There are 2 protein chains.
Amino acid sequence: MSAPRLDFWFDFASTYSYPAAERIRALADQAGVALNFRPFLLGPIFKAQGWDNSPFNLYPAKGRNMWRDLERICADSSLPFRHPEPFPQNSLLAARVALIGLSETRSEEVRGKEFWGEEFCVGVFRAQFAQGRRIDDADTLADVLTGLKVAAPPVLAAAQSDENKMRLRTQTEDAQRRGLFGAPSFTTADGELFWGNDRLERALAWAVKQHRDH
Amino acid sequence: MSAPRLDFWFDFASTYSYPAAERIRALADQAGVALNFRPFLLGPIFKAQGWDNSPFNLYPAKGRNMWRDLERICADSSLPFRHPEPFPQNSLLAARVALIGLSETRSEEVRGKEFWGEEFCVGVFRAQFAQGRRIDDADTLADVLTGLKVAAPPVLAAAQSDENKMRLRTQTEDAQRRGLFGAPSFTTADGELFWGNDRLERALAWAVKQHRDH
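Everything numeric in this text was worked out from a predicted model, so none of it was measured. Just so you know, the residues in each chain are numbered from 1, in the order the chain's sequence is written. Each chain is given a letter, starting from A, and each ligand a number, starting from 1, according to the order in which they appear as written. Under the rules for a predicted model, residues below a pLDDT of 70 receive no local features and side-chain atom pairs below 80 are neither given nor counted, while totals for whole chains, interfaces and linings still include all residues. The side-chain numbers reported here are obtained from all heavy atoms of the structure, hydrogens and water having been left aside.

We now examine the overall build of chain A. Secondary structure counts use DSSP, requiring at least four H or I residues in a row for a helix and at least two E residues in a row for a strand, with both numbered from the N terminus. Secondary structure summary: chain A contains 10 helices and four strands in total. The linear arrangement of helices and strands in chain A, starting from the amino end, is β-α-β-α-α-α-α-α-α-α-α-β-β-α. Since a compact globule built from 214 residues should have a radius of gyration of about 17 Å, the 16 Å found for chain A is in line with a globular shape. When its C-alpha atoms are laid out on the principal axes, chain A stretches across 45 × 45 × 35 Å. Classification of residues uses two cut-offs on accessible area relative to the type maximum, computed with a 1.4 Å probe and protein chains only: under 20% is buried, over 50% is exposed, and between them is partly exposed. Residues counted as buried form 54% of the 214 residues belonging to chain A. Taking the intrachain contacts of chain A between residues at least 6 apart in sequence as the baseline, contacts between residues at least 24 apart amount to 72%. Within the structure as shown, chain A displays about 9600 Å² of accessible surface, and the carbon and sulfur contribution to it stands at 52%. We treat Lys and Arg as the positive residues and Asp and Glu as the negative residues; His and chain ends play no part in the count. By convention, the point assigned to a charge is CZ for Arg, NZ for Lys, CD for Glu and CG for Asp. Mean positive and mean negative side-chain charge positions of chain A (27 and 28 charges, respectively) differ by 3 Å. What the globule rule says is 2.2 Å times the number of residues to the power 0.38, and the radius of gyration is computed from C-alpha atoms. Here, two residues are considered to be in contact whenever any of their heavy atoms come within 4.5 Å of each other. Per-residue and other accessible areas were derived by the Shrake-Rupley procedure at a 1.4 Å probe size, with only the shown protein chains allowed to occlude residues.

So this is what it looks like as structure tokens:
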């Protein structure tokens, strides 16, 4: 019998995606939910809403609260936190590399822990939000890959192939079609959309319930 | 010895303020936190951010998700829910009336349950979000008052006095000065700001902890 499924949508520049990425694998395993990491780009989606920058920069009071809130959330979860400079960072290359790793793990049977896709994603978030490194720098991404014992040069080359660029574009279009407007977001097999790190538990519970009921 | 304190800031037109208003009194009592209901107006604060309407109307994808999310939250808490028409509603008169009721209960010793201020606030949220009534209609507010055995005409008259109008203006300016940009919000005695119904538990825990540590 198939397991309940949850898609985890994130942009590597998204602040609340950091704690979500750190928490989601353990919570999904605990709930028996098959998890699909889906990096995408918020840029085109923000543009469609008339924003040419992060709303946290466009609306400073909102931004100040977000940084403080994120600091509190990380402290409560014993996650290290450093304010990234600059913010937001260009997440294009990181997302392309992630898709290479994640494309090998897209099956319900294999939940992917033994592949490097998910670990790479968490590693990129840590590089940016815990170590203060720039994720738009190929060296940072290479270091994350090397840390996972993955040879960096062929992966970085594959990430920049036309086929893989198109894959990320398709993924972002898919996000937009599903009504995503921010990150992190979570979608279930029946099309329910949950937005925000603080909705993760609720999204998992929904996935389990709708799978049981259908 | 004084108790920990929490200020609860809300606009009657704010959607997530409805579940927050329904939950906060019991949670605060349980945590031993003295609670201060502080209605204010989001309108001037949104205007300062360049918005002439609710962001949920300005950004439709965000709005769609909010209504669905609110529906799910209300269902989980067994709170009745109806989509208010129109949205947002003008909350000026409701806020002015609430200030009349709440002004009698502003003391740390008396936590206000025996006065009508808080019950009026919850009643206004129910009228709008559970019963589908218009809160910009003085009849709706009079019905809420009558339901609490409060004589409506003198209260409605006092609500429109210059002194009370100024009180609401001052309250809204105070909200803005504290960095509020949305509702519901919660502030502690040491100036910590929490935004959103989903941060209520965290805000109460902060109030208790900072009171104990100082």
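Two copies of the chain are present, and they differ by a rotation about an axis and a shift along that axis. C-alpha atoms of residues with pLDDT of at least 70 in both copies form the basis for the least-squares superposition of the copies. Structural alignment of chain B on chain A gives an RMSD of 0.0 Å, achieved by rotating through 180° and translating 0.0 Å along the axis. Expressed as an axis order, the relation between the two copies is that of a two-fold axis. By C-alpha distance to the rotation axis, the residue of chain B lying nearest is D198(B), at 3.7 Å. The residues that chain B uses at the interface reappear at the interface of chain A in 100% of cases, marking a shared surface.

Residue and element names in this part refer to chain A. For R38, the location among the structural elements is in strand β2 (residues 34-39). R38 sits 29 residues away from W9 along the chain, and the two C-alpha atoms are 4.7 Å apart. When residues no more than four places from it in sequence are discounted, the contact partners of R38 are D7, F8, W9, F10, Q171, D174 and R178. Within the structure, R38 has its side chain in polar contact with the side chain of D174 (distance 3.1 Å). N or O atoms closer than or at 3.5 Å make up a polar contact, with two conditions inside protein: a donor-capable atom paired with an acceptor-capable one, and, for residues adjacent in sequence, both atoms drawn from side chains.

As a further point, take the packing of helix α1 (residues 17-31) of chain B against helix α10 (residues 200-213) of chain B. Residue and element names in this part refer to chain B. Throughout, an axis means a line fitted to C-alpha atoms (over the contacting stretch in the case of helices), and angles, computed between N-to-C directions, take values from 0 to 180 degrees. Viewed as axis vectors pointing N to C, α1 and α10 meet at an angle of 30°, and their least axial separation amounts to 10 Å. Comparing the axis directions of α1 and α10 gives the class roughly parallel. Two packed elements cross with a definite hand, and for α1 against α10 that hand is right-handed. Residues A20, R23, I24, L27, A28 and A31 of α1 form the contact with α10, whose participating residues are L200, E201, L204 and V208. In terms of residue class, the contact of α1 with α10 is made up of eight nonpolar, no polar and two charged. Angular relationships are summarised with four words: roughly parallel below 35 degrees, roughly antiparallel beyond 145, roughly perpendicular across 65 to 115, and oblique for the angles in between. Should the near helix be turned counterclockwise from the far one by less than a right angle, the crossing is left-handed, whereas a clockwise turn marks it as right-handed. Residue polarity is assigned by list, with Asp, Glu, Lys and Arg as charged and Ala, Val, Leu, Ile, Met, Phe, Trp, Tyr, Cys and Pro as nonpolar; anything else, Gly included, falls into the polar class.

Residue and element names in this part refer to chain B. Should DSSP find at least two bridges between two strands, the strands are taken to pair. Pairing is mixed in the open sheet, where four strands are placed in the order β2-β1-β3-β4. Looking at strand neighbours, the two that pair on one side only are β2 (34-39) and β4 (193-195), the edges of this open sheet. The average undirected angle you get between the axes of adjacent strands in this sheet is 20°. Across four bridges, the pairing between strand β1 (residues 5-10) and strand β3 (residues 185-188) is antiparallel. Considered in β3, the bridge of W9 is made with S185. Helix α9 (residues 162-177) contacts β1 and β2 of the sheet and is inclined by roughly 110° relative to β2.

Residues and elements named next belong to chain A. Of note, R96 is situated in helix α5 (residues 92-102). Just to be clear on terms, a salt bridge is a Lys or Arg side-chain nitrogen sitting within 4 Å of an Asp or Glu carboxyl oxygen. Among buried charged residues, R96 stands out as having no salt bridge; its nearest opposite-charge side chain is D162, 8.0 Å away. Aside from chain neighbours lying at most four places away, what touches R96 is A159, Q160, N164, K165 and L168.

Residue and element names in this part refer to chain B. Those residues of helix α8 (residues 152-159) not exposed but buried are A152, V155, L156 and A159. Viewed end-on, α8 has its buried residues packed into an arc of 100°, placing them on one side of the element. Along α8, the residues that are exposed and aim more than 90 degrees away from the buried face are P153, P154 and A157. Packing partners of the buried residues in α8 comprise α5 (92-102), α7 (138-147) and α9. The arc in question is the one spanned by the directions pointing from the helix axis to the C-beta atoms.

Glancing now at the interface of chain B and chain A. Facing 22 residues of chain B, the contacting portion of chain A comprises 22 residues. Run the count over chain B and chain A and you get 10 salt bridges. For D198(A), the salt bridge is made with R199(B), and the minimal N-O distance between the two is 2.7 Å. Mapped by element, the contributors of at least two residues to the side of chain B that touches chain A are α4 (60-76), β4 and α10 of chain B. Ranked by residue count, the leading element in the side of chain B that touches chain A is α4(B), at eight residues.

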